[in-house]
Amino acid sequence: MADQKLITAEKRKQFEAEALPHMDALLRTALRMTKNERDAEDLVQEAFVKAYRFWDKFEPGSNCRAWLFKIMTNIFINNYRSKSRSPMAVNVDEIDDNFLYGQLSTGEKSSTPEQELFAKIFDDDVKKAIENLPDDFRMVVVLSFLEGFSYQEIAEIADLQLGTVKSRLHRGRKLLQKELFEYAVKNGYIKDKAQ
Amino acid sequence: MNCQEALDLLYDIIDQEVSEIDEAQVRSHLEKCRHCSEIFRLESSIQNFLDAKTANVGSSDNLESLRSKIVSDLDGIDRTEMDCSSKSKLGGTTLFMVSAAALIILVGASFFTSDLVRHYNVYGPLEQAHFAAQLHQPSNSVMEQTLAAVKSSFGFSPGTVVNSFSLIDARMEKILGVDMAHFVYADNGKRVSVFVALSDEFDVPSGLKDHKVVRGNLEYYDHHCRGCRLVYHQSGSAIIITATEDKETELLSFIPGSTII
């Protein structure tokens, strides 16, 4: 009985040292994925419980943060992802690849027209723009932008092909740029050249 | 390198996912091409802006309360682990002491240990498969293949919606040496696994046969254990086993489908 106590205590010590410190990062991503605090906390809690149950499957020395994100992303995909596909079913491919370039470029050498615009956009606006992305795009954008995971790591976490990660990230960026641009036009920060 | 080739590598460069050779080629193109170089400049500038904005995305004020919730969950898991092991140790010790003392009690004690052995050998693999499914990524094509296979070889047709649960995953698995279909239903974080096997190959565990539960015209064999509840049910030529760790979900009213006659 004493043995089991020792084994359990050792496992618990390892888990608290290696896994729990990532709670902050998991919660940050969970908030952007679920878009509300309560679901985000439930998601993180569920992820840690699952991770602890499967702690013997974690290979010591491998990337614990990525492993935890994989568990959490999986729970999110299965249980939290909005059942109906996002209503924002815009055809991403219709957005020009260099959309903002077309809108912002003045054709003048050494000008930085975007800086003035950036100065007017708040953190919250960026947060909202990210939250407005459809789930599939938002997931890879958050894992890349907020967490700095590499394409390969994202592919493993979200169980996607490398090419899918790249294309979703690309399209997510385009949507994000468009969203922020439209926000800026609506608020009168810039004019839409197309109009 | 032409413009298109350079622009194709735009985000790979921004994300630092490009080889040194490719990067050098792109840089040398940018020196010659003002159009591309302006696009690269603008896109990097946008990325720096987004990085700066998202770096401030704070998480939550509730970190401490979340932490204590998680810690208390871990405590719970630790306790069940220790309980379970103390049971088996106790079984062993009892067996040893009693074997020296009285034959009658020995019989009792060996029942006790055999109970535990039965638990791990008979129910354990199904429980493990139920828990493992939570780490598995569903695949639509595998799901469709499994649904078709179950219809044709087990004569069983599972529903895609059962009560408030919907089918999210299905695949074939070898559990306890038998090929079974494993369906996973989910509803707001609750999960039910449904295993389907041929009754020629798999039977309700003998220890459970005395604990029949009758509901309407259906007969169930209900196994409660610490982490997971399993309900066995014969339907035509198939054995259906439902499993969940969620205490709120009533497995006796969870009827995943019907046998095709």
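If you're wondering where the values come from, they're calculated on a predicted model, not measured in any experiment.

Conventions we followed
For every chain, the first residue of its written sequence is number 1, and the numbers climb from 1 along that sequence. Following the order in which they are written, the chains are lettered starting with A and the ligands numbered starting with 1. Totals for whole chains, interfaces and linings use all residues, but because this is a predicted model, local features are given only for residues with pLDDT of at least 70 and pairs of side-chain atoms are given and counted only at 80 or more. Each side-chain value is derived from all of the structure's non-hydrogen atoms; neither hydrogens nor water enter the calculation. The secondary structure listing takes helices from DSSP runs of H or I that are at least 4 residues long and strands from runs of E that are at least 2 residues long, numbered from the N terminus. For a helix, the expected span equals 1.5 Å multiplied by the residue count minus one. For the exposure calls, accessible area comes from a 1.4 Å probe over protein chains only, and a residue counts as buried if that area is under 20% of its type's maximum, exposed if over 50%, partly exposed in between. The reported arc concerns the directions from the helix axis to the C-beta atoms and nothing else. Any two residues whose heavy atoms approach within 4.5 Å are treated as being in contact. Per-residue confidence from the prediction method is given by pLDDT, with values spanning 0 to 100. Axis lines are fitted to C-alpha atoms, over the contacting stretch for helices. Their N-to-C directions set the angle, which ranges from 0 to 180 degrees. Crossing handedness is read from the near helix: turned anticlockwise from the far helix by less than a right angle, it gives a left-handed crossing, and turned clockwise, a right-handed one. When DSSP finds two or more bridges between two strands, those strands count as paired. We define a salt bridge as a side-chain nitrogen of Lys or Arg found within 4 Å of a carboxyl oxygen belonging to Asp or Glu.

Draft legend 1. Just helix α7 (residues 140-154) of chain B, in detail. Residues and elements named next belong to chain B. Between the first and last C-alpha of α7 there are 20 Å, a value that for 15 residues agrees with the 21 Å anticipated at 1.5 Å per step. Within the span of α7, buried status applies to Met143, Thr146, Leu147, Val150 and Phe154. For α7, the buried positions fall inside an angular range of 100° around the axis, keeping them on one side. Among the exposed residues of α7, those pointing more than 90 degrees away from its buried face are Glu144, Gln145 and Ser152. In this structure, the buried side of α7 is in contact with β1 (156-158), β3 (165-175), β4 (178-187), β5 (190-198) and β9 (238-244).

Draft legend 2. A look at the confidence of the model for chain A. Residue and element names in this part refer to chain A. Chain-level pLDDT for chain A is 83 on average; 85% of the residues reach the 70-or-more range. By mean pLDDT, helix α5 (residues 99-104) is the weakest element of chain A at 70, and helix α9 (residues 151-158) is the strongest at 93. Note on residues 84-88: pLDDT under 50 across the span, and six contacts to partners over four residues away in sequence or across chains.

Draft legend 3. View of α9(A). Taken together, the buried positions of α9(A) are occupied by Tyr151(A), Ile154(A), Ala155(A), Ile157(A) and Ala158(A). The buried side chains of α9(A) occupy one side of the element, clustering within an arc of 170° when seen end-on. Elements that come into contact with the buried residues of α9(A) comprise α4 (64-80), α8 (135-145) and α10 (162-186) of chain A together with α2 (10-14) of chain B. Backbone geometry just after α9(A) places Asp159(A) at a positive phi near 55°.

Draft legend 4. View of the packing of helix α3 (residues 20-32) of chain B against helix α4 (residues 34-55) of chain B. Residue and element names in this part refer to chain B. Running from amino to carboxyl end, α3 crosses α4 at an angle of 115°, the nearest separation of the two axes being 6 Å. Once α3 is placed against α4, the crossing between them reads as left-handed. Facing Val26, His29, Leu30 and Lys32 of α3, the residues of α4 in contact are Arg34, Cys36, Ser37 and Phe40.

Draft legend 5. Summary view of the sheet that holds strand β6 (residues 212-215) of chain B. All names here are of chain B. With antiparallel pairing, eight strands are arranged side by side in an open sheet as β2-β3-β4-β5-β9-β8-β7-β6. For this open sheet the edge positions go to β2 (161-162) and β6, each flanked by a neighbour on one side alone. Sheet analysis places β4 next to β5, joined by seven bridges and oriented antiparallel. Across the sheet, Ala181 pairs through a bridge with Val196, a residue of β5. Across the sheet, α7 touches β3, β4, β5 and β9, and the angle it forms with β3 is around 70°.

Draft legend 6. Examining the pattern of salt bridges more closely. For the coordinates displayed, the defined rule picks out 21 salt bridges over all chains. The partner of Lys178(A) in a salt bridge is Glu182(A), with the nearest N and O atoms 2.8 Å apart. Note that Lys178(A) and Glu182(A) are positioned in helix α10 at a spacing of four residues, about one turn of the helix. With relative accessibility at 41%, the residue Glu182(A) sits in the partly exposed group. Note that Glu250(B) and Arg229(B) form a salt bridge whose closest N and O atoms lie 3.6 Å from each other. Placement of Glu250(B) in the loop between β9 and β10 (257-259) and of Arg229(B) in strand β8 (residues 229-235) is noted, with a sequence separation of 21 residues between them. For Glu250(B), a relative accessible area of 32% corresponds to the partly exposed category. Residue classification places Arg229(B) among the buried positions, given a relative accessible area of 13%. One network of salt bridges, in which partners are shared, links Arg12(A), Glu16(A), Asp75(B) and Asp78(B).

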